[in-house]
Every structure is written in C-alpha cells, then in structure tokens.
Amino acid sequence: MSVTALDPTSALVVIDLQKGITGLPSVHPSDEIIARSARLAAAFRARELPVVLVNVTGGAPGRTSASRPGGTPPAGWTELMPELDRQPGDILVSKQQWGAFHGTNLDLELRRRGVTQVVLTGIATSIGVESTARAAHEHGYHVTVATDAVTDLDEAAHRNSVEKIFPRLGETGTTDEIIALLG
C-alpha cells in the first residue's frame, strides 16, 4: 500500500546513518540515502515535528551462525553523518541491538511528544530499519517507510523487506510523497 496519510504527530526516525555503516557497500548508494534522509529531516524540523537520529554503538550478545566483526571499531565509527545536520532539538538514540526500541528510551521519548506515527529511513533495510519497523508496529505506532531512503548490504534482503515485510507493518512511499503529505 502506498502512503496515504501522515498523522499530525508523526516523527522521523533515521536509522544508523553513521560513518562506520554508510561506508559499507550497499544496494543503493549511501550518499543518496543520506541526502533523502536529510531532506526529510529538514522537512520534519520545518514543521516542528520530532526527528530521531539513531546510531548503533555495539552488538547484542548471544551466539549466531554468522560471523561478527571483532575488535574495536575504528575512531569515528558511531558518528552520525554531518549531512543530517543534527539540531539541538533532535532526539539521539544510541542502541546496542538491531532495532531502535529494545533497550533504549525511544518509546518513552516518542510518547512524551504524543507521537502516533513514525517514518523510517536508513541502513540496513533488512536489519536496523526492519527491526525498528516491527517494534514500532508492535508498540502501536503507524509505520511508514521511505523506500527510496533505505538501503541494505544485500539486494535480496532489501527487496524482501520492501516488497513483503513493510507492507504488512504499515505503508511505504517515496521521500517526495512523504514530504508532499507533510503539507
């Protein structure tokens, strides 16, 4: 379903657009994802709607079959991309898991502001963005994903999230469609 509406109390949630992740090879160029996310952030700020900037600073414990990077990340790895133009009123959420809700104050910050809908952008579509979309849906938020402002390291995983998962969790639309709905 294409995006049909934005609640008056919507928030933009930008996932993991940080130096250590945007430099990885992805399906769509990271600079395009950053630019579209920055456009959305500016549009939300202009309407005095919350902008949440999320970065990942670690990983969840537990065994996995897939190998994980070891050691200490390089300096600056968690720094948000400057193009996002972080403002004093933005909400910063640092997470240790894939999704931005578990183990953070994101739900509390959104509820304090009366937010009923979240618009999601970022990297990686099938990991951080999808995990956050699932949790937002489970927390009762209306969910919209800006499909041209997300990308993944894996094309099949990206496509699966955009085509099969996100439509079951909410609505999807382009950056331009979302900005038009902001009015």
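Draft legend 1. The pattern of salt bridges, seen in detail. The final tally for this structure, using the stated rule, is 10 salt bridges. Among the ionic pairs, D16 bridges to K95, the shortest N-O distance being 3.0 Å. Note that D16 is positioned in the loop between β1 (10-15) and α1 (19-22) and K95 in strand β3 (residues 91-95), a separation of 79 residues in sequence. Neither D16 nor K95 differs from the other in exposure class; each is buried. For K19, the salt bridge goes to E79, with nearest N and O atoms at 2.9 Å. Of this pair, K19 sits in helix α1 while E79 sits in the loop between β2 (51-56) and β3, placing them 60 residues apart in sequence. Judged by relative accessible area, which is 40%, E79 ranks as partly exposed.

Draft legend 2. Fine view of unusual backbone geometry. Here I123 and A124 are connected by a cis peptide whose omega angle stands at 0°. Residue position: A124 is located in the loop between β4 (117-123) and α4 (125-138). For E48, which is not glycine, the phi torsion reads 55° and is therefore positive. Looking at the element boundaries, E48 is found in the loop between α2 (30-46) and β2. Judged by its relative accessible area of 74%, E48 falls in the exposed class.

Draft legend 3. Highlighting helix α6 (residues 175-182). Along α6, the positions that sit buried rather than exposed are T175, I178, I179 and L182. Buried residues of α6, seen end-on, are gathered within an arc of 100° and therefore sit on one face of the element. If you follow the buried residues of α6, they end up packed against α2, β4, β5 (142-151) and β6 (171-173).

Draft legend 4. Summary view of the packing of α2 against α6. α6 packs onto α2 with a crossing angle of 5° between their chain directions and a minimal axis gap of 10 Å. Compared by their axis directions, α2 and α6 come out roughly parallel. Listed contacts from α6 to R36, R39, L40, A43 and F44 of α2 are T175, D176, I178, I179 and L182. Broken down by class, the residue content of the contact of α2 with α6 amounts to 6 nonpolar, 1 polar and 3 charged.

Draft legend 5. Quick peek at the nonpolar core. Core analysis: the largest hydrophobic core is formed by 27 residues, its most contacted members being L12, L17, L40, F44 and I178. Broken down by secondary-structure element, the contributors of at least two residues to this core are β1, α2, β2, β4, β5 and α6. Ranked by residue count, the leading element in this core is α2, at 6 residues. Within the second largest apolar cluster, 26 residues are counted, among which are A11, V52, V93 and V129.

Conventions used here
Residues numbered from 1 in each chain as written. Predicted model: local features only at pLDDT ≥ 70, side-chain atom pairs only at ≥ 80, totals over all residues. Heavy atoms only, no water. Salt bridge = Lys/Arg side-chain N within 4 Å of Asp/Glu carboxyl O. Helix = DSSP H or I, 4+ residues; strand = E, 2+ residues; numbered from the N terminus. Buried < 20%, exposed > 50% of the residue type's maximum accessible area, 1.4 Å probe, protein only. Arc of directions from axis to C-beta. Contact = heavy atoms within 4.5 Å. Axes fitted to C-alpha atoms, helices over the stretch in contact; angles between N-to-C directions. Parallel < 35°, antiparallel > 145°, perpendicular 65-115°, else oblique. Nonpolar A, V, L, I, M, F, W, Y, C, P; charged D, E, K, R; others polar. Core = buried A, V, L, I, M, F, W, Y, C linked by side-chain atoms within 4.5 Å.

These values are about where atoms sit, not about what they do.
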